[in-house]
Amino acid sequence: MNTQELKNLAERLMATDKGLLAMDESTGTCNRRFKALGIPQTEEYRRKYRQMIVTTPHLEESISGAILFEETLHQQTDDGQSFLTILKEKDIIPGIKVDQGTIPLSFFPEETITEGLDGLNERMIGYYLMGLRFAKWRAVIHIDSALPTKTCIAANAFTLARYAAICQQAGIVPIVEPEVLMEGEHTLQTCAAVTQDVLKEVFNALYDQKVCLEGMILKPNMILPGLNCPDQSDIETIAQQTIRSFFKVVPAAVGGVAFLSGGQSPVLATERLNMMQLRYGPQLPWPLTFSFSRAIQQPALEIWKGNDKNVSAAQKALAHRAACNRAARRAEYHP
Ligand code: 13P
């Protein structure tokens, strides 16, 4: 493992005030979002959607790396340019979602485990040769009165660490994403306690499997009350709980922390990141940024709606949300 190369890559991904774009919705997720807007759920429309994103003017000013879905790797623009080439020309580092989604955890039917480790070694070697330099694996944790179980946390932590070790062995920076979902009635305090438990277990597994922390990026949820919790906390409290939780359980050596948006509104996700930077920026031991999908792409998708005439307006919305998050990283966002 060339740890220096991994550290340099993680540094480039976390560079200055930029962040990551998670344009890696699986076919199922992408189709669900298309269906809600009446967009045809075909490979051609997914190609057009990704073409709209990668050709967005000025995207590279805010985005250091883009996470792609396997299908996108081989796609091209209308005039035959590969999406990978376009990203590289813009100096946006291409990455790849390598997990293969979740299935119910055996004997724990309300919980999930993420699949995709079989054959991952060989796939990684191929991805590296294609010029991909980072990867993503998402584990999903549900909160309910009796959830998550210790078994679910341990199984997902082990799997995330196996994935991360395989990535680093191939020279690819792993994005380690244990997502504690927002769905539910749980309080902010419950989310904080569960997220801390999950992150402790994840970092124990990463240590056990000798993952180089400087050469990886953590992609966590923010600490938020459940969507159906009557007490919806203010931005200041969420920023405070999130950073205090991370101070307890995220080692200072980690190469970077890049949040998922998880279904928050685009403006709120940006405001919360902005508040964390505003209150805690100088004290943070790791670069703190965004790796949003919905919070950057959803407004653009709603404008585009699958219609070529809307591409330019959609691209403006996309570049705008990316720039807002860039401003938040500098604690300079004003909605
Ligand atoms: P959201 O920002 O929409 O939560 O997506 C982030 C992501 O990459 C999920 O795996």
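(A) View of the site of the ligand. In the vicinity of the ligand, the contacting residues are Ala 22, Lys 136, Arg 138, Glu 177, Lys 219, Leu 260, Ser 261, Gly 262, Ser 291, Phe 292, Ser 293 and Arg 294. Notes on the ligand: free accessible area 300 Å², of which the protein chains cover 92%. Elements that contribute at least two residues to the shell around the ligand include exactly strand E6 (134–141) and strand E10 (288–292). For the shell around the ligand, a count of residues per class yields three nonpolar, four polar and five charged.

(B) Seen up close, the packing of aromatic side chains. Under the defined criterion, the tally for this structure stands at eight aromatic pairs. Aromatic pair Phe 247 and Trp 286: ring centres 6.0 Å apart, planes at 35°, arrangement tilted. Note that Phe 247 is positioned in helix H9 (residues 235–249) and Trp 286 in the loop between helix H10 (266–280) and E10, a separation of 39 residues in sequence. By relative accessible area, which is 35% here, Phe 247 ends up partly exposed. Judged by its relative accessible area of 2%, Trp 286 falls in the buried class. Pairwise contacts between aromatic rings join Phe 246, Phe 247, Phe 259 and Trp 286 into one cluster. The ring of Tyr 45 has Lys 48 lying over it, and the distance from NZ or CZ to the ring centre is 5.7 Å.

(C) Representation of helix H11 (residues 294–304) within the structure. Among the residues of H11, Ala 295, Ile 296, Gln 297, Ala 300, Leu 301 and Trp 304 are the ones counted as buried. With its phi angle positive at about 55°, Lys 305 sits one or two positions after the end of H11.

Rules of the game
Residues numbered from 1 in each chain as written. Predicted model: local features only at pLDDT ≥ 70, side-chain atom pairs only at ≥ 80, totals over all residues. Heavy atoms only, no water. Near = heavy atom within 4 Å. Areas by Shrake-Rupley, 256 points an atom, 1.4 Å probe, with all protein chains shown as cover. Helix = DSSP H or I, 4+ residues; strand = E, 2+ residues; numbered from the N terminus. Nonpolar A, V, L, I, M, F, W, Y, C, P; charged D, E, K, R; others polar. Phe/Tyr/Trp six-rings, centres within 6.5 Å; stacked < 30°, edge-to-face > 60°. Buried < 20%, exposed > 50% of the residue type's maximum accessible area, 1.4 Å probe, protein only. Lys NZ or Arg CZ within 6 Å of the ring centre and 35° of its normal.

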